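Letter by letter, the chains look like this.
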Amino acid sequence: MTRTVPTADPSSIPPAGSPRDPRRLVVISVDAMSVVDVPFARTLPNFSRVLAGSWGSAEAIYPTVTYPNHTSQTTARTAAGHGIYANELVQPGSRRPDWFWDARAIAAPTIFDLAAAQGLTSAAVGWPVTGWSPSIDIAVPEIWDPAGLEATLAVLRDAASERGRAYVDAHAAEIGWDTKHRFGRFNTAVAVDMIRTDAPDVLFVHLVDVDSARHTTGRFTPEVREAFERVDGWIGEILDALEESGVAEDANVAIVSDHGHVEVGRCLRANNLLVQEGLVRLDDSGEVASWDAWVHGCGLTGQLHLNPEAEESAQDRVLDLVERWVADPEIPIAAFHPLADMREDYGYSGPFLGVLEGTSGTNFQNLWEGRSLYGRFDDDYTFLLSQHGHLPEQDIQAVFAMVGPDIVEGGKFSRCTVPDEAATFAHLLGLQFPEADGAAVSEILREPALSLAR
C-alpha cells in the first residue's frame, strides 16, 4: 500500500546563509539501469565516481514505464497523485499516439515549481513531461515528431522554454536520426553547455541509450554493454563540466533510473480480440471507426478503457469478456486488477476500469490488425525483445545513487521508492512538497533528515 506523508516542517529547513544552505543539484537519469548493472557500472570511470557515494535499489511506481516514474522523480507522488498514468495518451484508433509531453498535465507541484518559488534557477534536458513547462527556467524537453528530424526540431523548439530554444538551435546538429530519434549526444551537449553558461541551481538530464538497446537486443547483450560505455562517457562530460565551472564541490549529483526489463516472449494485441467481439468496429479500410472498449498497452500490462458514450450494458459485457480471457489458457493474460485495487495497492489511478496483467514476458500492443498473438519463434515477429511495465515488485529493481557534499561516502541502503528520490532532492534543496508519497532517504545523508525518515 502506498502512503502519503507530509514533508518537513518549514521550521526544520535552515534559513539561507546557514551551514545547511541548499547546494546545487544535478540528477542524471540512466533509463532502464537496474541494480544488477551496478557491478559492471563500477568498472566504468564515471559511473564509479557517483557510485562511490551512496546507492541502493529503488522500487518504481506502477506502471513501471518511463513517463510516470520520471514524473514521480520530480513530484514525490505516485500516478494517482501526479496524474501521468502512462507514457502515451489514450487515443483509440491511433497507430502512434501522442505521449505525455506537456508539463501542464501534471496534477501535483513539481520540484521545478518549488525551486521557482524559492528563487532557484532550474533546467531540464530531455526530461519527460517538461514540454511547455510554466516554471522551468531552461527547458529542452523530450519530444519528437515521427515525421522526421525537421518536424522534431520544430516541435522541440515550440515546447522548449525561451532560453531553452537557444540551446536547441546551438546543438541541433547533434540530434541523431536513423530509424528514429537519438537524443543522447544532443542532451549531453546541451547539459554541458548549460552548466558552463547558465550554471542552474537544479539540473535534470535524461539519457535513454541503455533502455533503447535493451528493447531492441535484449536485457544483457554486447549492445547494452556498449550503451553503458557510451553513457559513462556522457556522464563524465557532465561531471567534468561541473568541475571546470568551479561548482563541483557545491553540487550533489544523482544517478537515477526508472525500471528494470523483462525478456519478451510474445506480443498480444488485445484490441484484435475486441474487434472479434464487436467491441471495436472497423471501417472498410481497416481503421477504427468506433469502439466500446479499448486496451491501452502499457508495456507488460494494459489498461482496460470503456468508452464513456458506450451503452450501459457495455461495462458488464466487457468485464465478463475479460474474466473469460483470464480463464483461457490460450490467451496470455494472468489477471485483471480493478481500478480500486490498483489505487489501494499501488497508488495508481486513471480513466479506466482496471489493469490487465500479462503472463510472464507478454507485451501489450495498441494495434488491432493482423493476429491477436505473435510469438518470438514466429517468422513475422519483429517486435521488442525485452520490455517493462510490469508490477513494481516483479523482476529486478531500478537504481538510486548519489555523491556530493551532503551524501555519505561508501554508503549502501537496501530499498527505497522512486517517490523517495524526489523527497530526497527536495530536502537537499531546502524545499517542501505539500504532499508526498515518499520520504527522504536518510541513510545516504550526512545529516539525516530525521523528520523525513522512511
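Our subject is the structure listed above.
Residues numbered from 1 in each chain as written. Predicted model: local features only at pLDDT ≥ 70, side-chain atom pairs only at ≥ 80, totals over all residues. Heavy atoms only, no water.

1. Observations regarding the side chain of Gln387
Here's step 1: Within the fold, Gln387 resides in strand 19 (residues 386-387).
Here's step 2: Discounting residues that sit within four places of it in the chain, Gln387 has contacts with His215, His261, Val262, Val264, Gly299, Leu300 and Asn363. (Helix = DSSP H or I, 4+ residues; strand = E, 2+ residues; numbered from the N terminus. Contact = heavy atoms within 4.5 Å.)

2. Re a negative patch on the surface
Here's step 1: Taken together, the side chains of Asp341, Glu344, Asp345 and Glu393 define an acidic patch exposed on the protein surface.
Here's step 2: With respect to the helices and strands, Asp341 occurs in helix 13 (residues 339-346).
Here's step 3: Here Asp341 falls in the partly exposed class, since its relative accessible area comes to 39%. (Patch = residues over 30% accessible without salt bridge, like charges linked within 9 Å, V, L, I, M, F, W, Y side chains within 5 Å. Areas by Shrake-Rupley, 256 points an atom, 1.4 Å probe, with all protein chains shown as cover. Salt bridge = Lys/Arg side-chain N within 4 Å of Asp/Glu carboxyl O. Lys, Arg positive; Asp, Glu negative; His and termini not counted. Charge placed at Lys NZ, Arg CZ, Asp CG, Glu CD. Buried < 20%, exposed > 50% of the residue type's maximum accessible area, 1.4 Å probe, protein only.)

3. Regarding the packing of aromatic side chains
Here's step 1: Under the definition given, this model contains 19 aromatic pairs.
Here's step 2: Aromatic side chains Tyr381 and Phe383 sit 5.1 Å apart centroid to centroid with 85° between the ring planes, which places their arrangement in the edge-to-face category. For the pair shown, Tyr381 and Phe383 are each scored as buried.
Here's step 3: Members of the aromatic cluster, joined through ring pairs, are Tyr62, Tyr85, Phe100, Tyr346, Tyr348 and Phe352.
Here's step 4: Its end group placed over the ring of Trp55, Lys412 keeps NZ or CZ at 4.4 Å from the ring centre. (Phe/Tyr/Trp six-rings, centres within 6.5 Å; stacked < 30°, edge-to-face > 60°. Lys NZ or Arg CZ within 6 Å of the ring centre and 35° of its normal.)

4. A short note on the pairing of strand 16 (residues 354-358)
Here's step 1: Most of strand 16 is tucked away: five of the five residues are buried.
Here's step 2: Bridge analysis of strand 14 (residues 301-306) against strand 16 gives four bridges, and the strand direction is antiparallel. Note that in strand 16 the partner of Gln303 across the bridge is Val355.
Here's step 3: Bridge count between strand 15 (residues 333-338) and strand 16: five bridges; the pairing is antiparallel. Each residue of the ladder has a partner; that of Ile333, found in strand 16, is Gly358. (Pairing = 2+ DSSP bridges.)

5. A closer look at the pattern of salt bridges
Here's step 1: For the coordinates displayed, the defined rule picks out 27 salt bridges.
Here's step 2: Arg49 is the partner of Asp240 in a salt bridge, and the nearest nitrogen-oxygen pair spans 3.2 Å. Placement of the pair is Asp240 in helix 10 (residues 222-244) and Arg49 in helix 2 (residues 47-51), with a sequence separation of 191 residues.
Here's step 3: Asp240 gets classed as partly exposed once you look at its relative accessible area, which sits at 30%.
Here's step 4: For Arg49, a relative accessible area of 28% puts it in the partly exposed group.
Here's step 5: In this structure, the salt-bridge partner of Arg415 is Glu59, at a minimum N-O distance of 3.0 Å. Placement of Arg415 in strand 21 (residues 411-417) and of Glu59 in strand 2 (residues 54-59) is noted, with a sequence separation of 356 residues between them.
Here's step 6: With relative accessibility at 24%, the residue Glu59 sits in the partly exposed group.

6. Describing the sheet that holds strand 20 (residues 398-403)
Across a sheet, strands are paired by hydrogen bonds formed along the backbone, either parallel or antiparallel in direction.
Here's step 1: On the basis of which strands lie adjacent, the open sheet formed by eight strands has the order 4-3-7-1-8-20-2-21 and mixed pairing. The open sheet has two edge strands, strand 4 (138-140) and strand 21, and neither has a second partner. Across the sheet, the axes of successive neighbouring strands diverge by a mean angle of 15°, strand direction being ignored.
Here's step 2: Relative to strand 20, strand 2 is paired through five bridges, and the arrangement is antiparallel. Paired with Gly56 across the two strands is Phe400, which belongs to strand 20. (Axes fitted to C-alpha atoms, helices over the stretch in contact; angles between N-to-C directions.)

7. Describing the environment of Arg269
Here's step 1: Topologically, Arg269 is positioned in the loop between strand 10 (266-268) and helix 11 (270-276).
Here's step 2: Sequence-wise, Arg269 and Thr71 are 198 residues apart; in three dimensions their C-alpha atoms are separated by 28 Å.
Here's step 3: What Arg269 contacts, discounting residues up to four positions off in sequence, is Gln365, Leu367, Glu369, Gly370, Arg371, Ser372, Tyr374 and Phe383.
Here's step 4: Among the polar contacts made by the side chain of Arg269, one reaches the side chain of Gln365 at a distance of 2.9 Å. (Polar contact = N/O pair within 3.5 Å; in protein donor to acceptor, adjacent residues only side chain to side chain.)

8. Describing empty space enclosed by the protein
Here's step 1: Per the stated rule, a full pass over the model turns up three cavities of 30 Å³ or more.
Here's step 2: In this structure, the largest cavity spans a volume of roughly 70 Å³.
Here's step 3: Lining the largest cavity we find Arg24, Leu25, Val26, Ile195, Ala199, Pro200, Asp201, Leu203, Leu242 and Val247.
Here's step 4: By residue number, the principal contributor to the lining of the largest cavity is strand 1 (residues 24-30), which donates three residues.
Here's step 5: Per-class residue counts for the lining of the largest cavity are eight nonpolar, no polar and two charged. (1 Å grid on protein atoms, 1.4 Å probe; cavity = no way out; pocket = protein on both sides within 12 Å on 5 of 7 lines; lining within 4 Å. Points joined across faces, edges and corners; volume = space filled by probe spheres on them. Nonpolar A, V, L, I, M, F, W, Y, C, P; charged D, E, K, R; others polar.)

9. Focus on the sheet that holds strand 15
Here's step 1: Strand order across the open sheet formed by four strands is 13-14-16-15, with antiparallel pairing between neighbours. Both edges of this open sheet fall to strand 13 (293-298) and strand 15, since each of them pairs with a single strand only. Mean inter-strand twist for the sheet, computed between neighbouring axes without regard to direction, equals 25°.
Here's step 2: Across the face of the sheet, helix 12 (residues 314-327) comes into contact with strand 13, strand 14, strand 15 and strand 16 while running at roughly 145° to strand 15.

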